[in-house]
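So you can see what is in the structure, the chains are spelled out below.
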Amino acid sequence: MSEVMGVINLAEPMDNMQYLTEHRPLGAVPFGGRYRLVDFTLSNMINAGIQNVGIFVQDRYRALMDHLGSGKDWGLDRLRDGLFILPPDGHHHSLNPGDIELLHRHLDYFEKSRQDTVVMTGTSMICNLDFKEVLAYHKEKDAEITIVYKTGVPGPYEGLCTLLDLTSDQRVTGIEVDPVIPRSRNLSMQMYIMDKGLLMELLDQSVSRGETDWVKDCLNRNLGQLRVFGYPFKGYLGKIASLQSYYRTTMELLHPTISRELFFHAGLIYTKVKNEPPTKYHESANVKTSLIANGCVVEGTVENSVLFRGVKVGKGAHVKNSVLMQRSIIGENCQFEHVILDKDVLVSSGKHLMGAPEYPLVIRKKTVLS
Amino acid sequence: MSEVMGVINLAEPMDNMQYLTEHRPLGAVPFGGRYRLVDFTLSNMINAGIQNVGIFVQDRYRALMDHLGSGKDWGLDRLRDGLFILPPDGHHHSLNPGDIELLHRHLDYFEKSRQDTVVMTGTSMICNLDFKEVLAYHKEKDAEITIVYKTGVPGPYEGLCTLLDLTSDQRVTGIEVDPVIPRSRNLSMQMYIMDKGLLMELLDQSVSRGETDWVKDCLNRNLGQLRVFGYPFKGYLGKIASLQSYYRTTMELLHPTISRELFFHAGLIYTKVKNEPPTKYHESANVKTSLIANGCVVEGTVENSVLFRGVKVGKGAHVKNSVLMQRSIIGENCQFEHVILDKDVLVSSGKHLMGAPEYPLVIRKKTVLS
Amino acid sequence: MPKKECVAMILAGGQGSRLSVLTKRVAKPAVPFGGKYRIIDFALSNCTNSGIDTVGVLTQYQPLALNAYIGIGSSWDLDRRSGGVSILPPFVRARGGEWYKGTANAVYQNIDFIETYKPEYVLILSGDHIYKMDYAKMLDFHKEHQASATIGVIEVPWDEASRFGIMNVDEDHLITAFEEKPPKPKSNLASMGIYIFNWPLLRDYLLDDENDSDSSNDFGKDVIPRMLSNGEPMVAYPFQGYWKDVGTLDSLWEANMDLLGDDPGLDLNDRRWRVYSVNPTQPPQFLAHSAEVHNSLINEGCIVYGQVERSVLFPGVRIGINSTILDSVIMPNVHIAENVTIRKAIIGNDTIISDGAVIGEATPSEQLTVVGEELIIPAHSKITGIYDGEAVT
Amino acid sequence: MPKKECVAMILAGGQGSRLSVLTKRVAKPAVPFGGKYRIIDFALSNCTNSGIDTVGVLTQYQPLALNAYIGIGSSWDLDRRSGGVSILPPFVRARGGEWYKGTANAVYQNIDFIETYKPEYVLILSGDHIYKMDYAKMLDFHKEHQASATIGVIEVPWDEASRFGIMNVDEDHLITAFEEKPPKPKSNLASMGIYIFNWPLLRDYLLDDENDSDSSNDFGKDVIPRMLSNGEPMVAYPFQGYWKDVGTLDSLWEANMDLLGDDPGLDLNDRRWRVYSVNPTQPPQFLAHSAEVHNSLINEGCIVYGQVERSVLFPGVRIGINSTILDSVIMPNVHIAENVTIRKAIIGNDTIISDGAVIGEATPSEQLTVVGEELIIPAHSKITGIYDGEAVT
């Protein structure tokens with residue numbers, strides 16, 4: 001797929017993610033013990049042979065730049081092609097541009113790229129998908145735009161969903177964004193394949209008409225004229241639209257069948273390399289049904305939880321149904337249940353924290369609870 | 001100097017640079033045929049053995065990111081240390097912060113860095129300087145802060161100057177920023193060496209007092225308490241503070257003694273590698289007293305000018321006292337005098353453009369004159 | 001080629017036959033260690049952390065495997081345009097090629113490589129020691145003492161001293177005598193096999209040594225004694241900290257066990273002195289509901305349903321339900337089925353151990369059991385000792 | 001190691017003795033060309049531009065110099081974690097080492113290297129040809145024709161055809177006969193020395209070839225004819241465009257001159273097909289008030305006070321006032337003083353030409369003059385022919 005370029009749009013809604021998106025875009029939210037959300041779509045792209053990826057960012061993206069670096073860990077540190085982080089440029093821009101404006105500002109990037117076809121995605125859809133198959137389908141259908149979707153919205157319905165109306169031939173006839181009452185079961189995964197020239201043409205049309213939203217304005221207006229098809233994705237899909245769905249999706253990783261599919265199915269998931277040593281379990285450790293990244297030191301009890309790299313759990317501590325992000329340190333005899341600790345949180349001995357299954361307690365980055 | 005970290009502050013005044021800074025910070029302005037201004041201070045740093053450089057940017061910095069990439073061309077693509085581009089982070093910040101706030105936002109970068117000493121510079125001072133000598137001087141004087149300065153302001157005085165009052169022992173007793181009437185001949189080159197802890201302490205003090213300007217507020221207030229010394233720089237200095245000084249400094253490069261010092265003295269000047277072929281002179285070419293980068297194709301006459309990489313000068317064209325930036329294309333029989341073309345300008349045949357020596361005509365990036 | 005102050009040469013030549021079944025396909029420096037690393041990671045990481053960015057790796061056994069592992073050196077930050085890491089197998093010259101005859105000969109054959117960088121100093125290292133050491137400090141020590149050569153030494157217990165090369169030194173660290181395995185040691189300072197030489201001087205000695213047909217072309221046996229007898233000023237640099245030669249199966253097992261416990265001699269979690277390695281792309285480790293893990297090191301990509309105590313698990317290891325792993329080192333991608341017992345053993349990579357097998361002595365004992373690589377151990381087998389695929393009971 | 005569809009092997013072995021004084025210190029593929037490049041840049045850039053990211057460079061002469069030039073391959077975007085560029089000198093094996101005996105033997109000795117990547121195809125290239133070619137298209141052609149081997153061919157003038165290896169083909173590009181330098185050629189399709197083979201098949205032929213003690217172990221002389229006589233389907237891939245073997249001093253000079261003129265055969269300015277190279281750190285070139293430059297290629301770092309016509313100047317060349325350079329190739333860092341005349345010459349790198357020297361025939365002539373590297377030519381000397389430091393008049 002060296003004829004295809006990837007576009008990852010990081011200007012995504014993230015109002016329901018609490019502190020997790022205070023200092024980072026959705027794509028930079030840590031997930032699954034050692035990844036950031038963007039790793040999944042980025043790995044799907046490189047596993048399909050895409051060698052040129054543009055990442056469109058709006059704000060709060062230092063965390064993302066730190067994570068991606070030169071793209072070396074994804075094999076994207078290239079003289080030709082490679083990884084491009086595209087921040088909003090110039091100083092006379094609207095403070096809150098729609099995604100169309102964000103893309104339109106970098107038309108020159110599209111123009112300069114050698115590829116003719118674009119795969120465009122967000123980062124909220126977690127899956128291990130083979131874009132080569134989607135491209136083959138796109139060609140077979142002679143589609144102008146192909147949208148990846150999944151039938152049967154996973155998990156409880158949460159309002160924030162883009163739904164497709166489809167004919168029996170998989171042609172898309174309507175798109176509804178965030179309806180209160182869903183009228184379709186076909187969840188758009190917001191992954192698009194299309195001709196690069198068409199995308200540039202559509203962006204330019206939309207901007208000159210004053211449109212701002214890619215789906216609501218541009219796609220909807222053009223559904224009649226263009227051959228837009230849906231590609232049905234059959235695999236596991238985790239959709240991160242809120243703190244609740246983030247927490248639920250994380251907990252689903254504790255099913256070995258789900259994590260095996262997500263981490264291995266069509267290719268491996270790459271992430272930033274950290275030189276962490278293997279995780280150390282002390283004599284007093286007691287760990288069950290948990291995903292643990294490298295560099296942790298466990299002296300306490302961990303159950304049904306996900307520990308990111310470099311987490312320390314003290315003696316006598318009991319961590320249950322929780323997510324502890326990078327380098328959190330949990331003192332002795334702490335008790336946690338339904339807790340999400342963001343990075344670098346320090347909790348001193350004996351603290352008890354408890355959220356609810358449908359409302360986990362989030363502790364913001366670098367908090368010290370002493 | 002692996003115990004020293006470099007800090008390059010790109011939030012610099014650039015009101016007088018016309019179109020040249022419309023889409024880029026001052027540090028990203030092309031200079032000298034194949035460089036950007038930031039290359040000089042960055043090369044001085046790496047030539048002195050500095051391996052960790054943080055570049056603090058405020059806005060319009062995509063050009064800079066493209067230029068610096070992963071830092072590979074400066075040997076700064078490292079697992080440990082290396083090059084860090086530090087954009088303003090978080091979304092609750094003032095739109096036009098002072099340099100103190102910009103630095104203060106990234107205190108964690110200072111903290112994480114292994115080095116104990118900081119060299120802090122801007123990018124408007126063009127020179128080939130040995131920071132190892134400045135550091136030795138700093139230690140010998142037992143200074144807390146050392147400021148590099150040059151006696152005798154180069155070129156006509158232009159108002160935008162920071163001037164130092166010095167004792168005979170080189171101790172700094174006063175600093176004046178942009179006075180209308182200069183009361184000193186010691187131009188601060190806005191290069192500082194100091195202890196990292198001291199810098200962090202000063203930044204924190206200043207922010208908590210509501211101060212915004214590093215020189216006017218923070219340095220001036222502390223001159224009494226701290227041992228601040230001036231290091232007299234003896235070499236060639238080009239100071240870019242306005243379009244006029246940019247043009248004048250560029251023209252000075254046409255003196256072989258100046259360019260030899262600037263490009264070779266204490267070390268080489270590194271820049272982004274482009275795979276341009278050697279420049280091609282056709283039978284009709286006629287080139288005198290000019291600096292020409294690679295990848296140009298010259299069929300016309302070029303005199304007293306600087307051509308950047310990939311410029312094409314058509315047959316019969318006559319380019320005099322001008323600066324043509326990357327990939328400009330000049331049609332046949334054009335006549336240019338005192339002209340600065342920004343990147344990717346296309347001028348069709350037979351155009352005449354003429355500025356004045358003290359007021360060169362600037363054509364903005366990507367303009368098509370047809 | 002820019003000049004480098006100091007070039008490091010890592011002697012990674014040995015086939016490591018004492019590591020037997022673990023070095024059938026790889027040279028000793030490439031043997032896995034510590035749940036994640038290869039032995040040579042320690043020397044390479046020490047170089048990186050000490051600011052030495054030009055490293056030659058002298059190897060003659062399976063250079064392709066070491067080449068594939070080290071690649072362009074990016075894992076150790078040694079992917080430099082100038083310098084970086086170079087694998088140096090013996091190559092063919094106009095008058096034909098020859099094996100490296102000894103440690104000194106290996107460096108002699110690569111004089112051209114070293115000369116490219118015009119160094120003032122050369123640091124000679126061994127590729128099969130586990131330790132963390134700042135060579136920059138040793139180099140400072142070398143310069144301070146204006147020595148011709150500096151040798152890293154470590155205090156060993158007096159009763160073991162006769163197994164080492166022992167340095168006698170005066171109060172100024174000046175080496176007065178060097179005895180290889182002395183029956184009655186006069187000192188307990190053992191050579192760690194780490195040398196810094198002034199390069200122009202060493203080059204002369206290497207040329208002399210090569211012309212001496214009686215020489216075995218070895219640093220410890222020939223070059224160092226000759227320099228001493230010539231009265232070159234040589235000093236001993238005393239090293240404090242963990243240091244282990246992992247040249248035998250028993251010492252390899254012991255060094256792995258040394259990483260366990262509450263306060264191990266070698267701290268892998270020190271962020272200021274990272275041990276770099278090639279990081280495989282693996283998801284986090286999964287410990288299932290039935291897992292019991294105590295006092296162990298486990299890497300990403302492992303899936304544990306059974307019990308693990310005092311053991312080290314490399315990436316991709318799977319341990320089935322009701323299986324028990326005690327006091328053992330399980331190399332990458334070993335799959336252990338259900339109801340297996342493993343006690344005091346090293347299991348080579350990619351081996352599959354089927355249901356109900358019993359590996360190692362049934363009771364706690366001194367004897368180590370080692371199972372080779374890429375084997376399939378049938379169900380209910382019993383294995384002790386060194387095993388490499390013969391028929392099993 | 002991930003699998004690669006196609007691995008390229010560049011034959012860069014030759015000492016290039018026909019390039020005489022220019023290859024005293026470097027192998028032929030490392031000889032400078034075109035004001036900026038080394039000859040091997042073209043094959044390496046073709047690989048990168050064709051999407052082939054795994055390249056072995058087979059060399060046995062001065063491997064250190066080529067190693068230093070190629071480094072980790074970053075200049076050609078070949079600094080890959082998996083694959084990338086590897087320099088492959090002959091190395092010592094258990095049964096001793098040996099030189100590469102012929103082109104086929106060189107690949108035979110590196111079967112292990114190729115096998116690491118389990119490729120379906122192997123592309124064999126020569127390191128001393130100047131051309132721009134998309135090997136991906138040739139590979140498509142190979143697959144389309146379901147060939148066992150595909151050979152790149154180019155039409156040569158009929159009267160020169162007897163100097164080449166000539167392919168007779170049918171209308172389907174199938175090769176019916178191959179004649180090495182036929183006195184009466186039946187076709188004007190010459191082999192470019194570019195081969196794609198199905199790897200498992202080639203491996204078998206290489207093993208056979210190695211066992212044949214009568215073979216000279218060469219692709220053109222032994223392997224290709226044997227495959228043809230065995231009836232393997234082999235096709236000729238017709239290449240259009242500039243292609244030149246720069247194996248002699250005259251052809252090297254000609255190829256440099258071919259870059260000049262208004263519409264040269266080889267366009268170096270094509271942004272879609274860049275020729276990558278190691279970029280020296282040099283400021284822009286400076287043409288002084290007295291300079292006169294016409295119909296020439298000049299690189300960064302040159303300083304020109306004199307007259308330059310129909311010439312190619314590499315980086316760092318200085319030309320003094322009143323000096324005249326005509327129809328010449330001036331290699332890197334040559335310093336030419338004042339009042340010098342150079343006509344139809346190649347000047348080797350780092351040579352200094354003093355005041356008033358006259359290099360080359362005084363009148364336009366056919367004979368090329370070549371001055372070696374790192375020489376100092378005294379003032380007012382006169383030099384013609386091949387000169388490498390003997391006494392000068």
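This is a predicted model, so every value here is computed, not measured.

## Observations concerning the state of the cysteines
Part 1: Inspection of the entire model under this criterion finds zero disulfides over all chains.
Part 2: Among the cysteines around C302 of chain C, which has no disulfide bond, C296 of chain A carries the closest sulfur, lying 14 Å off.
Part 3: Among the residues examined, C302 of chain C registers a relative accessible area of 0% and is labelled buried.

## As for the confidence of the model for chain C
Part 1: In the predicted model, chain C carries a mean pLDDT of 90, and 95% of its residues have values of at least 70.
Part 2: Interface confidence in the predicted complex, given as ipTM, is 0.83; pTM for the same model is 0.87.

## So, the sheet that holds strand β14 (residues 285-287) of chain C
Across a sheet, paired strands are connected by hydrogen bonds in the backbone, their directions being either parallel or antiparallel.
Part 1: The sheet built from 11 strands is open, its strands ordered β28(A)-β25(A)-β22(A)-β19(A)-β16(A)-β14(C)-β17(C)-β20(C)-β23(C)-β26(C)-β29(C) with mixed pairing. Pairing within the sheet leaves two strands with one partner each, and these edge strands are β28 (361-363) of chain A together with β29 (376-377) of chain C.
Part 2: Across two bridges, the pairing between strand β20 (residues 318-319) of chain C and strand β23 (residues 335-336) of chain C is parallel. Following the sheet pairing, I319 of chain C is matched in β23 of chain C by I336 of chain C.

## Some points on the nonpolar core
Part 1: Ranked by internal contacts, the top residues of the largest apolar core, which has 82 residues, are I55 of chain A together with I55 of chain B.
Part 2: Aside from chain neighbours lying at most four places away, what touches I55 of chain A is I8, L10, V38, L64, L68, L83, F84, I85 and L86 of chain A.

## Overview of the interface of chain D and chain B
Part 1: Taken residue by residue, the interface counts 42 residues in chain D and 37 residues in chain B.
Part 2: A combined buried area of about 3300 Å² lies between chain D and chain B, and 46% of that area is made up of carbon and sulfur atoms.
Part 3: Contact with chain B buries surface across chain D, with T281, P284 and F286 of chain D losing the most and accounting together for 18% of the total.
Part 4: Seen at the junction of chain D and chain B, the total is four salt bridges.
Part 5: Two residues, K288 of chain B and E292 of chain D, come together in a salt bridge whose shortest N-O distance is 3.9 Å.
Part 6: Linking chain D with chain B are 26 residue pairs in polar contact (both at pLDDT 80 or more), by the criterion used here.
Part 7: Elements with a minimum of two residues in the side of chain D that touches chain B: β14 (285-287), β15 (292-294) and β16 (296-298) of chain D.
Part 8: Residues that form the side of chain D that touches chain B fall into these classes: 18 nonpolar, 16 polar and eight charged.
Part 9: With three bridges connecting them, strand β14 (residues 279-281) of chain B and β16 of chain D associate as antiparallel partners. Within β16 of chain D, the position partnered with T279 of chain B by the bridge is I298 of chain D.

## What about the packing of aromatic side chains?
Part 1: Under the criterion given, the structure shown has 40 aromatic pairs over all chains.
Part 2: Aromatic ring contacts, followed pair by pair, group F31, Y35, F40, Y246 and F263 of chain A into a single cluster.
Part 3: Cation over ring: K344 of chain C sits above W253 of chain C, and NZ or CZ is 4.5 Å from the ring centre.

## A look at a nonpolar patch on the surface
Part 1: Where nonpolar side chains cluster on the molecular surface, the patch consists of I329, L346 and V368 of chain A and spans about 230 Å² of accessible area.
Part 2: Tracing the backbone through its elements, the reader meets V368 of chain A in strand β29 (residues 368-369).

## Remarks on the interface of chain D and chain A
Part 1: Listed as interface residues are 10 residues of chain D and, on the opposing side, seven residues of chain A.
Part 2: Counting each side, the surface lost to burial between chain D and chain A is near 690 Å², with a carbon and sulfur contribution of 30%.
Part 3: If you sort the residues of chain D by the area they bury against chain A, D77, R80 and R81 of chain D come out on top, with a joint share of 60%.
Part 4: Inspection of the region where chain D meets chain A yields one salt bridge.

## Notes on the domain arrangement of chain A
In many analyses, interface size is given as the accessible surface area lost on bringing the parts together.
Residue and element names in this part refer to chain A.
Part 1: Its domain assignment divides chain A into domain 1 (4-264) and domain 2 (280-369).
Part 2: With 20 residues of domain 1 at the interface, the matching set in domain 2 holds 26 residues.
Part 3: Summing both sides of the interface, domain 1 and domain 2 together bury roughly 2000 Å²; the carbon and sulfur share of this comes to 64%.
Part 4: Summed over the shared surface of domain 1 and domain 2, the number is two salt bridges.
Part 5: With its nearest N and O atoms 2.4 Å apart, the salt bridge here joins R364 to E22.
Part 6: Applying the counting criterion to the domain 1 and domain 2 interface returns seven residue pairs in polar contact (both at pLDDT 80 or more).
Part 7: Only β2 (30-31), β3 (35-36) and α8 (243-252) provide two or more residues apiece to the side of domain 1 that touches domain 2.
Part 8: It is α8 that provides the largest number of residues to the side of domain 1 that touches domain 2, a total of six residues.
Part 9: Per-class residue counts for the side of domain 1 that touches domain 2 are 11 nonpolar, five polar and four charged.

How each quantity is defined
- Residues numbered from 1 in each chain as written.
- Chains lettered and ligands numbered in written order.
- Predicted model: local features only at pLDDT ≥ 70, side-chain atom pairs only at ≥ 80, totals over all residues.
- Heavy atoms only, no water.
- Disulfide = S-S within 2.5 Å.
- Buried < 20%, exposed > 50% of the residue type's maximum accessible area, 1.4 Å probe, protein only.
- pLDDT = per-residue confidence, 0-100.
- Pairing = 2+ DSSP bridges.
- Helix = DSSP H or I, 4+ residues; strand = E, 2+ residues; numbered from the N terminus.
- Core = buried A, V, L, I, M, F, W, Y, C linked by side-chain atoms within 4.5 Å.
- Contact = heavy atoms within 4.5 Å.
- Buried area = accessible area lost by both parts, 1.4 Å probe.
- Salt bridge = Lys/Arg side-chain N within 4 Å of Asp/Glu carboxyl O.
- Polar contact = N/O pair within 3.5 Å; in protein donor to acceptor, adjacent residues only side chain to side chain.
- Nonpolar A, V, L, I, M, F, W, Y, C, P; charged D, E, K, R; others polar.
- Phe/Tyr/Trp six-rings, centres within 6.5 Å; stacked < 30°, edge-to-face > 60°.
- Lys NZ or Arg CZ within 6 Å of the ring centre and 35° of its normal.
- Patch = residues over 30% accessible without salt bridge, like charges linked within 9 Å, V, L, I, M, F, W, Y side chains within 5 Å.
- Areas by Shrake-Rupley, 256 points an atom, 1.4 Å probe, with all protein chains shown as cover.
- Domains from an automatic or database assignment.

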